[in-house]
Amino acid sequence: MIKRNIFVKIKNDPVLLKIVKFFHENPSCIDSAENISKWIGEELKTVRKKLDYLVKKKVINKDKTYLAEAYSYTQDKELM
Amino acid sequence: MNGFSLEKKVIDTISGSGDIERLKYHLDSLTGRNTILVLFSRTSTQKTSEEIKSTLRTVLQEAEVKAKVTKECIQSIHRKLKRCVRSKKIEEVKCSFADEGWVFPLYHGGLIYGFLCVLINKGKLNAQLLKFVEDFLLLSLEKALKEIELIKVHSNLRPRAIALSTVHTVHRLISSTLNMDELLPRLARLCLQVTRSKTCIIYVRKGNKLQPSAVVSVNSKPRAKSINLEKSKIGRALDEGAVILTPRRLWVPLMEEELVGVISLREKQSGKPFDINDREIVTVFAEQAIVAIKNAQLYETQSKILMESLKTLSKILDVKSPKTYTHPLSFVDLVMAIADEYGVSPKEKEYIKYATLLLDTGKVAIPEEILKKPGRLTPEEYRSIMEHPLKSAEIVKSIKSLKPIVPIILYHHERYDGKGYPKGLRGKKIPLGARILCVADAFEAMICHRPYKKSLGFEEAVEEIKKQSGRQFDPEVVEAFLRAVKKGKIKRISCRMLEEIAGK
């Protein structure tokens, strides 16, 4: 069961909303925090923080290797 | 984009750009009168007089002009709009509330996108002003067309740029995964994500069969059977390097000189059929995956060679040391069992394994008479024994690829309470590998018989480890050890170790 307050928080946070909107429009995207910050036109430091929050809430996934880290949209239909 | 929607976009862009307001400002300044500008779309020629009347009224209201819009005025504008389409030139209109009126076509490249009607009361638009309006409108139209083109290019390029960036990121992710057990599920997950499919299965070739090695699905765990490359039709096609694309399935072979594996995708989450774009993107992934798989296989082979070399080296060193100072081969299993329970990462586990094999390398530097002395050691002899982690680290340090294991070897005799040697490190300052080795080393020493010390029973040795938790040993490592004991792992390894020692 998805907690309603995640949606409220996303709705009230412009950067979170931009990130979720970006992934919703590009559900196939798998990209680094640097590139996502460029796609949505926000500062990298903030974007990284928000991305990690969304990973924690399982709205997006994170893949990490020693060379790269990448974020992608959830496959959970309920969340999408 | 059809003709009408482009025309509408042009009119919307011009009216949203503020150009008409700017033109009005210039005309008002130049004529000293209040000009009325009405922008009509190309489709206005097909509209009824009522619709034109309504547009005109709105503009007049906005401009706060109190004037009666007569039927003749509307008909004149409507007629001139239609004539403008044919003539593509400025047409004069007659309107009751304006002395002069003109309809300017928004004409560019053989197309009319709309019209601008300029109405002026008690004023004149001379030839120069008419030219000015004409040029202004042309510039505004060109600007609007460029803007629309830019938006079109942007909306076409952006998804492609994002897709390209995704391909690049996937390449970085899979090329930096050297462990096959991680690589294949990761590859399956990434393919599933990018194609938004319901299921992705990565098959790896084993002989003349394709075995499912990684299965990822958004729903339930699907069944995946192996495919015979000779007997099945799909198998034969894939073996020849053919990509199989059907509305609900996509098979892309992983080919090098021969078939290495297959990426198989089932059903799109959207319910749409797989298309050529999916085929292209998965083919790119397949090309990247084959390099990554080959790298991982090469790395696996290299690791095996390194492991075998270390085992051989360890055996050579054991020949010099008496058996009382060497570990049985199962000691590695004991260390790995604790590391597993602790949740050590695969890479670190690998380093701990190497360190376990080279733990006592430094004992080659200890005089043989000390190592073989049957009775108690003198303080000086004991000091010499205590130096072996330093000597082991010194030897291992010279091998560049083994540098990460040096601290594990150097500090494996440190105690959690700081009373160990060689540096007297305390708590978490001792590397994790060394803390794990410390527990394993002590446990092995307790259960194995030594000429100078009687062995303890299994239960007693476990109790002793428990007692030393937080003193000699890291409590978290002890917990991991106890979990392994509970699962029966330690008992089984202990039996093997005792058998090995008895058979030495």
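In this numbering scheme, every chain counts its residues from 1 along its sequence in written order. By the order in which they are written, chains take letters starting at A while ligands take numbers starting at 1. The predicted nature of this model means local features are confined to residues of pLDDT at least 70 and side-chain atom pairs, given and counted, to a pLDDT of 80 or more, with totals for whole chains, interfaces and linings taken over all residues. Where side-chain values are given, they derive from all heavy atoms of the structure, hydrogens and water being excluded.

A side chain with one charge may pair with a side chain of the opposite charge, provided their charged atoms come close. A pair is scored as a salt bridge if a Lys or Arg side-chain nitrogen falls within 4 Å of a carboxyl oxygen belonging to Asp or Glu. One pass over the full model with this rule turns up 34 salt bridges over all chains. We note a salt bridge from Glu34 of chain A to Arg48 of chain A, for which the minimum N-O separation is 3.4 Å. One end of the pair, Glu34 of chain A, is in helix H3 (residues 33-40); the other, Arg48 of chain A, is in helix H4 (residues 44-56), with 14 residues separating them in the sequence. Accessibility expressed as a relative area gives 36% for Glu34 of chain A, which makes it partly exposed. Partly exposed residues are those whose accessible area sits between 20% and 50% of the maximum for their type, while under 20% is buried and over 50% is exposed, using a 1.4 Å probe and protein chains only. With relative accessibility at 28%, the residue Arg48 of chain A sits in the partly exposed group. A salt bridge links Asp63 of chain A to Arg186 of chain B; the shortest N-O distance between them is 3.1 Å. Remark: Arg186 of chain B occurs in helix H6 (residues 180-195) and Asp63 of chain A occurs in strand S2 (residues 60-64); the pair is interchain, linking two chains. In this structure, Asp63 of chain A and Arg186 of chain B share a single accessibility class: buried. Salt bridges sharing common partners tie together Glu34, Arg48, Asp52, Lys62 and Glu69 of chain A. Helix numbering and strand numbering both begin at the N terminus, where a helix is a DSSP run of H or I of at least 4 residues and a strand a DSSP run of E of at least 2.

For the rest of this paragraph, the subject is the environment of Ser392 of chain B. Residues and elements named next belong to chain B. Mapped onto the fold, Ser392 is located in helix H13 (residues 388-397). Expressed as a C-alpha distance, the spacing of Ser392 and Gly362, which sit 30 residues apart in the sequence, is 3.7 Å. Apart from residues no more than four positions distant in its own chain, Ser392 is found in contact with Leu358, Leu359, Asp360, Thr361, Gly362 and Ile409. Of note is the side chain of Ser392, whose polar atom sits 3.1 Å from the backbone oxygen of Leu359. Working rule for contacts: check all heavy atoms of both residues, and any pair within 4.5 Å makes them a contact. N or O atoms closer than or at 3.5 Å make up a polar contact, with two conditions inside protein: a donor-capable atom paired with an acceptor-capable one, and, for residues adjacent in sequence, both atoms drawn from side chains.

Okay, the pairing of strand S3 (residues 100-108) of chain B next. Residue and element names in this part refer to chain B. Most of S3 sits inside the fold, with 7 of its 9 residues counted as buried. The pairing criterion is simple: DSSP has to find at least two bridges between the two strands. Pairing of strand S2 (residues 91-92) with S3, which is carried by 2 bridges, proceeds in the antiparallel orientation. Bridging from a neighbouring strand, Glu92 pairs with Trp102 of S3. As paired strands, S3 and strand S4 (residues 111-120) are joined by 9 bridges and run antiparallel to one another. The residue bridging Gly101 from the neighbouring strand is Leu119, located in S4. Hairpin connection between S3 and S4: a loop of 2 residues separates the two successive antiparallel strands, and Gly109 in this loop has a positive phi of roughly 60°.

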